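Spelled out from the first residue to the last, the chains are:
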Amino acid sequence: MNLKEIIKSTIIQKSEPIGFDEFMDLALYYPAKGYYSGGAQKFGEQGDFITAPETSDLFGFCLARQCAQILDGTNDILEFGAGSGVLAAQILFELGRLEQLPKTYYILELSAELQQRQQRTIAKILPELMDRVVWLNGLPENFSGVVIANEVLDAMPAKRLIYQAGEFKELGVDCQDDTLIWQTKRPYKNDKIPLPVGVAQGYITEANERAVAWVESLSEIMDKGLVLLIDYGMGREEYFHPQRGAGTLRCYYQHKASENPFVHIGEQDITTSVNFSDIAEAAKRGSFEVQGYATQALFLIALGIDEYLLAEQASDKRASLAQQVKQLVLPSAMGESFKVLALTKETQVTLRGFKEQNLLHKL
């Protein structure tokens, strides 16, 4: 049975529409058939989208510089959803060069297929550091050091909401005439997720309860250190702007974007933008301090991405690096749509990555 049929049968068994978060969970993570649990190429030119680490090694090198402020030889790094493993390799390579390697580099990855890909990537690039890398299937009980989540929150299944008759209702997924369709469910309310007021009839947005719960659970296991969350998204005011009345749902299939999650099920990525205000408030409830919030561009510039460019002697390599840097920092590429949110716990350090810009007031 293919994944679309499995989802249809799930709806029929329940005799009611399922939430969009449940649909997204099945489409992305259903064992062996979901987008992230299946074996298809996802990242890079041959995949469906290109992440910042796939764009340039300089992304990981800059992150390593930020990690180096926290690492002291006794603590660790924990990366969530490490994709192809290239970011881990970049960070470990640069920390080795800085002589500030973590005691252990943990990767929490639920996909067995991606775990194997990450192991191959790191073994190929840094065989001498393989013994420092440990894969986990769940949160550790206690953690001190640096947590990294690059494009993780946007892949967490979100609820989709529509404003009708003076209140927000949950948009579910139903099966009608053997076809998947949107179907309005019950009224929606969650005290941890503020929603806009005075919006137009039919206004659509998303609420990511799982991302909020994830941050809260992270605070429970974190004793001390830094959390770096890098993703595309915005603060609440911008997130709920009237012009964003169709929501932020996006699907990616072979580098083409659409807003239809009901095609290419299990073969396309499904994401929603991150409401960083919700994440920051969840972090504060969990005894984190919200230390920094900046665009990816100014975060990387503050960490000296231009220094790597200037240090390259070979003109052809420098030209190639310059193109990569443009992709990472230009507003028309990844520079402004991606943000970096930094959370700290029991750590008094002025973070270098936010010395050029700190947009905490926009949260």
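The name recorded for the protein chain in an unreviewed UniProt entry is SAM-dependent methyltransferase, from Bathymodiolus thermophilus thioautotrophic gill symbiont.

Our next topic: the packing of aromatic side chains. Throughout the structure, instances matching the rule amount to 15 aromatic pairs. Taking the centre distance of 5.3 Å and the plane angle of 90° together, the rings of Phe-23 and Phe-262 count as edge-to-face. In this pair, Phe-23 sits in helix α2 (residues 20-29) while Phe-262 sits in the loop between β12 (256-258) and β13 (269-271), placing the two residues 239 residues apart along the sequence. Here Phe-23 and Phe-262 have matching classes, each one buried. When the centroid spacing of 5.6 Å and the interplanar angle of 50° are considered together, the rings of Phe-61 and Tyr-308 count as tilted. One end of the pair, Phe-61, is in helix α4 (residues 57-68); the other, Tyr-308, is in helix α11 (residues 305-311), with 247 residues separating them in the sequence. The exposure classification of Phe-61 matches that of Tyr-308, with both residues buried.

As a further point, take unusual backbone geometry. Of note in this structure, Ala-32 is not a glycine but carries a positive phi near 70°. Looking at where Ala-32 falls in the secondary structure, it is placed in the loop between α2 and α3 (52-55). Despite not being glycine, Glu-151 has its phi angle at roughly 55°, a positive value. As for its placement among the helices and strands, Glu-151 is situated in the loop between β5 (143-150) and β6 (159-164). Here Glu-151 falls in the buried class, since its relative accessible area comes to 17%.

With that settled, consider helix α12 (residues 315-329). In an α-helix, one full turn covers 3.6 residues, which means residues spaced three or four apart are oriented alike. For α12, which comprises 15 residues, the first-to-last C-alpha distance of 21 Å matches the rise-based estimate of 21 Å (1.5 Å per residue) to within 8%. Within α12, burial applies to Leu-321, Gln-324, Val-325, Leu-328 and Val-329. For α12, the arc enclosing every buried residue in end-on projection is 120°, short of the 170-degree limit, so these residues lie on one face. In α12, the exposed positions angled more than 90 degrees off the buried face are occupied by Ser-315 and Asp-316. Looking at the buried side of α12, the elements it contacts are α3, α4, α10 (296-302) and α11.

Rules used throughout
- Along every chain, residues carry numbers that run from 1 in the direction the sequence is written.
- Where totals are concerned, whole chains, interfaces and linings use all residues; where local detail is concerned, this predicted model gives features only for residues with pLDDT of at least 70, and gives and counts side-chain atom pairs only at 80 or more.
- Excluded from the side-chain calculation are hydrogens and water; included are all heavy atoms of the structure.
- Only rings of Phe, Tyr and Trp enter the pairing, Trp through its six-membered ring, and a pair is recorded when the two centres are within 6.5 Å. The plane angle decides the type: under 30 degrees is stacked, over 60 is edge-to-face, the rest tilted.
- Secondary structure follows DSSP: runs of H or I at least 4 residues long count as helices, runs of E at least 2 residues long count as strands, and numbering of each begins at the N terminus.
- The classification of residues rests on relative accessible area computed with a 1.4 Å probe and restricted to protein chains. Under 20% of the type maximum is buried, over 50% is exposed, and intermediate values are partly exposed.
- Multiplying one less than the number of residues by 1.5 Å gives the expected span of a helix.
- Arc definition: it is the arc formed by the directions from the helix axis to the C-beta atoms.
- Whether two residues are in contact is decided by their heavy atoms: any pair within 4.5 Å suffices.

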